[in-house]
Amino acid sequence: MSVAFTKEESAETAAESVLPDRPIPSGLNLVTDTGLEALHTQIESARAALETANTIEDINERRRQSAVPLRDFRYFTERVRSAQLVAAPTTTDAVTFGSQVTFTRDDGREETYRIVGEDEADPKSGTISHASPIAQVLLGKSVGDIATLANHDLEIIDIKL
């Protein structure tokens, strides 16, 4: 059958139902207990959305509704598979994965972040990825140390577990 005799909607539906995979960040997939728990929750949410989509009778609508949850399910399953659980820090001697660090910028602003895995990082909520440029210059430093990022100084004033 010629394409001229197919519904235009079918071509659009096919394109909407096959989404590219979410990019997997390179490097180690370090996670906290909370981060690993969140990944499992995301898998279950995607699984539930897929189950709901599979109840839709119209095949095109079913494909459209399952595209995002299927992509998310694949992504979070891979993130759990590659996760490396890191124990919570036991000392505040230096900034490590899982530490909460407070620093002042050279313009006087004070900021506090917990260094976590990439999938649980949310700077607005006070968490940053261990792979972020700020975390990279802070890791290993102690209270009173100065870290430099893009010609700006960050002075560490507190580290908490």
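This text goes with the structure placed above it.
Residues numbered from 1 in each chain as written. Predicted model: local features only at pLDDT ≥ 70, side-chain atom pairs only at ≥ 80, totals over all residues. Heavy atoms only, no water.

Teacher, can you tell me more about the environment of I115 here?
If you trace the backbone, I115 turns up in strand β4 (residues 110-116). For the pair formed by I115 and T32, sequence separation is 83 residues and the distance between their alpha carbons is 9.5 Å. Discounting chain neighbours no more than four positions away, the residues touching I115 are V95, T96, F97, G98, S99, V101, I128, S129, H130, A135 and L139. (Helix = DSSP H or I, 4+ residues; strand = E, 2+ residues; numbered from the N terminus. Contact = heavy atoms within 4.5 Å.)

What is the right way to look at helix α3 (residues 59-82) in this model?
At 3.6 residues per turn, the α-helix brings residues three or four places apart onto the same side. Between its first and last C-alpha atoms α3 spans 33 Å; for 24 residues at 1.5 Å apiece the expected length is 34 Å, and the two agree. Along α3, the sharpest change in direction is near 40° and occurs at S66; proline P69 comes one to four residues later. Considered for burial, the residues of α3 that qualify are N60, S66, A67, P69, D72, Y75, F76 and R79. (Expected span 1.5 Å × (residues − 1). Bend = angle between axes of the 7 residues up to and from the residue. Buried < 20%, exposed > 50% of the residue type's maximum accessible area, 1.4 Å probe, protein only.)

Can you help me understand the packing of aromatic side chains in this one?
The relative placement of two aromatic rings is captured by the distance of their centres and the angle of their planes. The tally for this structure, following the rule as stated, stands at two aromatic pairs. Aromatic pair Y75 and F76: ring centres 5.0 Å apart, planes at 80°, arrangement edge-to-face. For the pair Y75 and F76, a shared accessibility class is recorded, and that class is buried. Stacked on the ring of Y75, the Lys or Arg R22 has its end atom at 4.1 Å from the ring centre. (Phe/Tyr/Trp six-rings, centres within 6.5 Å; stacked < 30°, edge-to-face > 60°. Lys NZ or Arg CZ within 6 Å of the ring centre and 35° of its normal.)

What should I look at first to understand the side chain of S129 in this one?
Looking at the element boundaries, S129 is found in strand β5 (residues 127-129). For S129, a relative accessible area of 12% puts it in the buried group. Setting aside its immediate chain neighbours within four residues, S129 contacts I115, V116, G117, E118, A121 and A135.

Could you clarify how one ought to interpret the pairing of strand β6 (residues 146-149) in this entry?
Remember that side chains alternate between the two faces of the sheet whenever the strand is regular. In this structure, β6 lies alongside strand β7 (residues 152-160), joined through four bridges in antiparallel fashion. Looking at the pairing, L149 lines up with H152 of β7. (Pairing = 2+ DSSP bridges.)

Explain the pattern of salt bridges here, please?
Oppositely charged side chains are able to pair whenever their charged atoms sit close together. Taken as a whole and judged by the stated rule, the model has 11 salt bridges. With a closest N to O distance of 3.4 Å, R22 and D72 form a salt bridge. A residue pair is termed long-range when its members are at least 10 positions apart, and R22 in the loop between α1 (8-17) and β1 (29-31) and D72 in helix α3 qualify at 50 residues. R22 gets classed as partly exposed once you look at its relative accessible area, which sits at 31%. On the basis of relative accessibility, which here comes to 17%, the residue D72 falls in the buried class. With a closest N to O distance of 3.8 Å, D158 and K160 form a salt bridge. (Salt bridge = Lys/Arg side-chain N within 4 Å of Asp/Glu carboxyl O.)

Please explain the nonpolar core as it appears in this structure.
Ranked by size, the top nonpolar core spans 14 residues in total, and within it V95, V101, L138 and L154 carry the most contacts. Within the residue set of this core, elements represented by two or more residues are β3 (100-105), β4, α4 (133-138) and β7. If you tally residues by element for this core, the top one is α4, at four residues. Once residues within four sequence positions are removed from consideration, L138 is found in contact with V95, V101, F103, A147, L154 and I156. Judged by nonpolar contacts, the second largest core, of five residues, contains V31, L39, I43 and F76. (Core = buried A, V, L, I, M, F, W, Y, C linked by side-chain atoms within 4.5 Å.)

Looking at this structure, I do not really get the environment of Y75. What am I missing?
Tracing the chain through its elements places Y75 in helix α3. Each C-alpha atom, one on Y75 and one on I159, is 33 Å from the other, the two residues being 84 residues apart in sequence. Excluding residues within four positions of it along the chain, Y75 makes contact with R22, P23, I24, P25 and D119.

Sorry if this is basic, but what is going on with the sheet that holds β5 here?
Consider a sheet: its strands pair through backbone hydrogen bonds, and that pairing is either parallel or antiparallel. With mixed pairing, the five strands of this open sheet are ordered in space as β5-β4-β3-β7-β6. The strands lining the two open edges of the sheet, one partner per strand, are β5 and β6. This sheet shows a mean twist of 40° between the axes of neighbouring strands, independent of strand direction. As judged from the five bridges shared by β3 and β4, these two strands associate in the antiparallel manner. Looking at the pairing, T102 lines up with T112 of β4. (Axes fitted to C-alpha atoms, helices over the stretch in contact; angles between N-to-C directions.)

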